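Single-letter residue listing:
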Amino acid sequence: QVQLVESGGGLVQPGGSLRLSCVASGSIFSSNNMAWYRRTPRKQRGELVARITSGGITTYADSVKGRFTISRDNAKNTVYLQMNSLKPEDTAVYYCNADVVLTGINYWGQGTQVTVSS
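Residues numbered from 1 in each chain as written. Predicted model: local features only at pLDDT ≥ 70, side-chain atom pairs only at ≥ 80, totals over all residues. Heavy atoms only, no water.

### Structural notes on unusual backbone geometry
Phi is positive for N77, close to 50°, though the residue is something other than glycine. Tracing the backbone through its elements, the reader meets N77 in the loop between β7 (68–73) and β8 (78–83). (Helix = DSSP H or I, 4+ residues; strand = E, 2+ residues; numbered from the N terminus.)

The following block contains the structure:
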């Protein structure tokens, strides 16, 4: 069983920055592929925001390229999402996802709200 705990969400003005953190427990973190998804009331299907593999390869949604950065610290069992130049359309609940390669099972955090508004 993998547990994911997100933090770092909040209210920020357009153009501002936030850093989300997700601490994982219950698995060999370094072997997991990690990702951030987001969901809005209008888009109930979660959107993949960014992903980082166990080998450190990153991918991003086109809408966040150049503004968001995903990173991981295997020593701290933590994945981060640095969000810069935030826009109102980035407003969503952001979820941390762990793809446990050894079992093929996906786990989700509880979500953290990000609101971008003046």
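### Re the layout of surface pockets
By volume, the largest pocket is sized at about 280 Å³. Looking at the largest pocket, it is lined by 15 residues, and the ones nearest its centre are R38, T40, K43, E89 and D90. Grouping the constituent residues of the lining of the largest pocket by class yields 3 nonpolar, 3 polar and 9 charged. (1 Å grid on protein atoms, 1.4 Å probe; cavity = no way out; pocket = protein on both sides within 12 Å on 5 of 7 lines; lining within 4 Å. Points joined across faces, edges and corners; volume = space filled by probe spheres on them. Nonpolar A, V, L, I, M, F, W, Y, C, P; charged D, E, K, R; others polar.)

### Structural notes on the pattern of salt bridges
According to the stated counting rule, one finds 4 salt bridges in the structure shown. In this structure, R38 and D90 form a salt bridge, with 3.0 Å as the shortest nitrogen-oxygen distance. Of the two residues, R38 is situated in strand β4 (residues 33–39) and D90 in the loop between β8 and β9 (92–100); the sequence distance between them amounts to 52 residues. Residues R38 and D90 agree in their burial class; the two are buried. Residues K65 and D62 are paired through a salt bridge, measuring 3.1 Å at the closest nitrogen-oxygen approach. Given a relative accessible area of 65%, D62 falls into the exposed group. Each member of the salt-bridge network shares a partner with another, and the members are R38, E47, R67 and D90. (Salt bridge = Lys/Arg side-chain N within 4 Å of Asp/Glu carboxyl O. Buried < 20%, exposed > 50% of the residue type's maximum accessible area, 1.4 Å probe, protein only.)

### Structural notes on the packing of aromatic side chains
Inspection of the entire model under this criterion finds 1 aromatic pair. Relative to W108, the ring of Y37 has its centre 4.9 Å away and its plane inclined at 65°; by these criteria the two rings are edge-to-face. Taken together, the positions of Y37 in strand β4 and W108 in strand β10 (residues 105–108) put the pair 71 residues apart, joining distant regions of the chain. Here W108 falls in the partly exposed class, since its relative accessible area comes to 46%. (Phe/Tyr/Trp six-rings, centres within 6.5 Å; stacked < 30°, edge-to-face > 60°.)

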